[in-house]
Amino acid sequence: MVLHQATSNADASLQPSRSALEEYERDSRPPFVLTMTEIKLLGIAGVGFFLDAYDLFIINPVATMLKYRLYGGESLPTGLEGFLKAGANIGSVIGQFAFGYAADAFGRKAVYGKELMLIIFATIMSITVPTGMKLFIPDNCLIYLTIFRIILGIGVGGDYPMRRLYRSSTFKLDRANIRKRGTLLAYIFSNQGWGSLVGSLATMIVLAAYKHSMDTEGHTSKVDGVWRIIIGISLVPAFGTLYQRLTLPESSRFLASQKPVELDDIEKLKKEQAAAEGSQNSPKLGSELEKDISSSSDEAPEEVVAKKAHIREFITYFSEWRHGKHLVGTCACWFFLDIAFYGINLNQNVVLQQIGFDGGSGSAWERLFKVSTGGIIITALGFVPGYYVSVLTIEKLGRKWIQIQGFLMAALFLGILAGKFYELSSAAFIVCFAFLQFFFNFGANTTTYCYPAEVFPTRFRAFAHGVSAASGKAGAIISALAFNSLTKDIGTPNVLWIFVGCCFAGAGFTLLLPEVRGRDPDAILANELREAKLAERQKAPQ
């Protein structure tokens, strides 16, 4: 009688999920066709990646403008230039660890939106650099800006694990969209391409507005207003989505993950996973499981786990190689990717020089405008198209295949650039570089974000995602700090050969990762706990 009642309660609790799944399974639309609810949620979360890319890559034209404002057109000091470009990535490492842990410990709702408030604060402070004050020598101005770029990076880094909230806002999105989960994540990540493109476009528009004063009248110092405006533009979408982020509900999966895992909850997860995979056969209840169901009670979610307990759980879980290899795989792949990706994209002057858009001649305004034009060419040719090919194919080809081929194809085109760096014509160089950018984004740059969001259980996901993303930013920091020095010491082609090696290493570490298409890590964890509990009870004396 008790077993029948418990089973009835479990079935009743599954009705919303089943109806959502049935509705989804009847939907014959391709995964990349979105509902209005998905569009709204993707818009809120996608702004984060838009801002990230805008804020991270806008430093390239800003650094070029600062050399005219602070150093009379001479190059920035090598050490300070690298520090300035690496500043946001240094902060990102801190933010990814801190916000990832906070999200798992205190809940997504308690944390989501705070990272955007930090980005807004740092952006406002960044445009207050006192370049006109005699007390601030040029080097001090760069240090001032770098400090707030680091704070900005903390917010940007915190945004990486927190964007997982977008698809956890409703129970329906948690369960029913397993089959289109990768597409939704790729949609969000594609905003990085738009952020980079809009950054170059905004620079061109603002420079065009200053053409008369800077070019005709010769007031080069007016560039001080240009770089402040293009940095400040990012405040518009930030303020536009702040309220929506602060008012999103708590993730149902996070709430569920805070409950003590009972065997009846495990069975529910198994049933839902079977339904999500289209299975018509529900798992049968064994005699041991029947006893557990009959003795279990419906408990409300407990208080959030204590910090020390969570860290201990995290270490215990990943100390097993079957779980630890996934964390090693996501961290290593992201690390090696960002060495190559940010090494290229934070130092585009090398590429622009080869294609004739380095601004090597003309007035200060003409040089800046030419550099901005080259930035748009690079972004439009490879950046944006690669993201959307990932969106269209990720549920068909799978994450693992896309990541491996992306690494290998990027290695191929980096090898061509390295081997023929001084021999390729401008047109051939543009084509080769466009393919390189395409396979970065139809490849590891997209999937290294998707993997941590899909391979780890909810209980550990935000922190594990933060650790993985922080590893990537560590690679970006190394690349930003070392690229200029290495280029001078060993030459650009040899630096590109290093990037080739990083791509091969990334492809190798991808082999540690499973294919996550249609995979529910919560159901897998629940099944592991079920097996562990049953094994423990069998060993216990009767």
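Residues numbered from 1 in each chain as written. Predicted model: local features only at pLDDT ≥ 70, side-chain atom pairs only at ≥ 80, totals over all residues. Heavy atoms only, no water.

Caption draft 1: Layout of the side chain of Asn441. Mapped onto the secondary structure, Asn441 falls in helix α22 (residues 426-441). The exposure class assigned to Asn441 is buried, which follows from its relative accessible area of 0%. Sequence-distant contacts of Asn441, defined by excluding residues within four places in its chain, comprise Phe341, Gly382, Phe383, Gly386, Tyr387, Ser390 and Thr446. (Helix = DSSP H or I, 4+ residues; strand = E, 2+ residues; numbered from the N terminus. Buried < 20%, exposed > 50% of the residue type's maximum accessible area, 1.4 Å probe, protein only. Contact = heavy atoms within 4.5 Å.)

Caption draft 2: Focus on empty space enclosed by the protein. All chains considered together, the criterion is met by 7 cavities of 30 Å³ or more. Space inside the second largest cavity adds up to approximately 70 Å³. Around the second largest cavity sit Gly343, Ile344, Asn347, Val350, Val351, Leu417, Phe421, Phe429, Phe433, Phe483, Thr492 and Leu496, which together line it. When contributions to the lining of the second largest cavity are tallied by element, the ones reaching two or more residues are α18 (321-345), α19 (348-354), α22 and α25 (492-510). Here the residues of the lining of the second largest cavity are counted per class, giving 9 nonpolar, 3 polar and no charged. (1 Å grid on protein atoms, 1.4 Å probe; cavity = no way out; pocket = protein on both sides within 12 Å on 5 of 7 lines; lining within 4 Å. Points joined across faces, edges and corners; volume = space filled by probe spheres on them. Nonpolar A, V, L, I, M, F, W, Y, C, P; charged D, E, K, R; others polar.)

Caption draft 3: Layout of the packing of aromatic side chains. Following the criterion strictly, the structure yields 28 aromatic pairs and no others. Ring centres of Phe341 and Tyr342 lie 5.3 Å apart, and the angle between their planes is 90°; on these two criteria the pair is classed as edge-to-face. Taken as a pair, Phe341 and Tyr342 share a single burial class, namely buried. Here a set of aromatic residues connected by ring pairs shows up, and it is made of Phe314, Tyr317, Phe318, Phe456, Phe460 and Phe463. Positioned above the aromatic ring of Trp365 is the side chain of Lys211, whose terminal nitrogen or guanidinium carbon lies 5.1 Å from the ring centre. (Phe/Tyr/Trp six-rings, centres within 6.5 Å; stacked < 30°, edge-to-face > 60°. Lys NZ or Arg CZ within 6 Å of the ring centre and 35° of its normal.)

Caption draft 4: The pattern of salt bridges, seen in detail. Enumeration according to the criterion identifies 11 salt bridges in this entry. A salt bridge links Arg228 to Asp224; the shortest N-O distance between them is 3.2 Å. Taken together, the residues Arg228 and Asp224, both in helix α12 (residues 223-232) and 4 residues apart, mark about one turn of the helix. (Salt bridge = Lys/Arg side-chain N within 4 Å of Asp/Glu carboxyl O.)

Caption draft 5: Structural detail: the packing of α22 against helix α23 (residues 444-455). One can describe the packing of α22 onto α23 by two numbers: an axis separation of 4 Å at closest approach and a directional angle of 15°. Classed by the angle they form, the pair α22 and α23 counts as roughly parallel. Facing α22, whose interface residues are Phe439, Phe440 and Asn441, α23 presents Ala444, Asn445 and Thr446. A breakdown of the residues in the contact of α22 with α23 according to their chemical character gives 3 nonpolar, 3 polar and no charged. (Axes fitted to C-alpha atoms, helices over the stretch in contact; angles between N-to-C directions. Parallel < 35°, antiparallel > 145°, perpendicular 65-115°, else oblique.)

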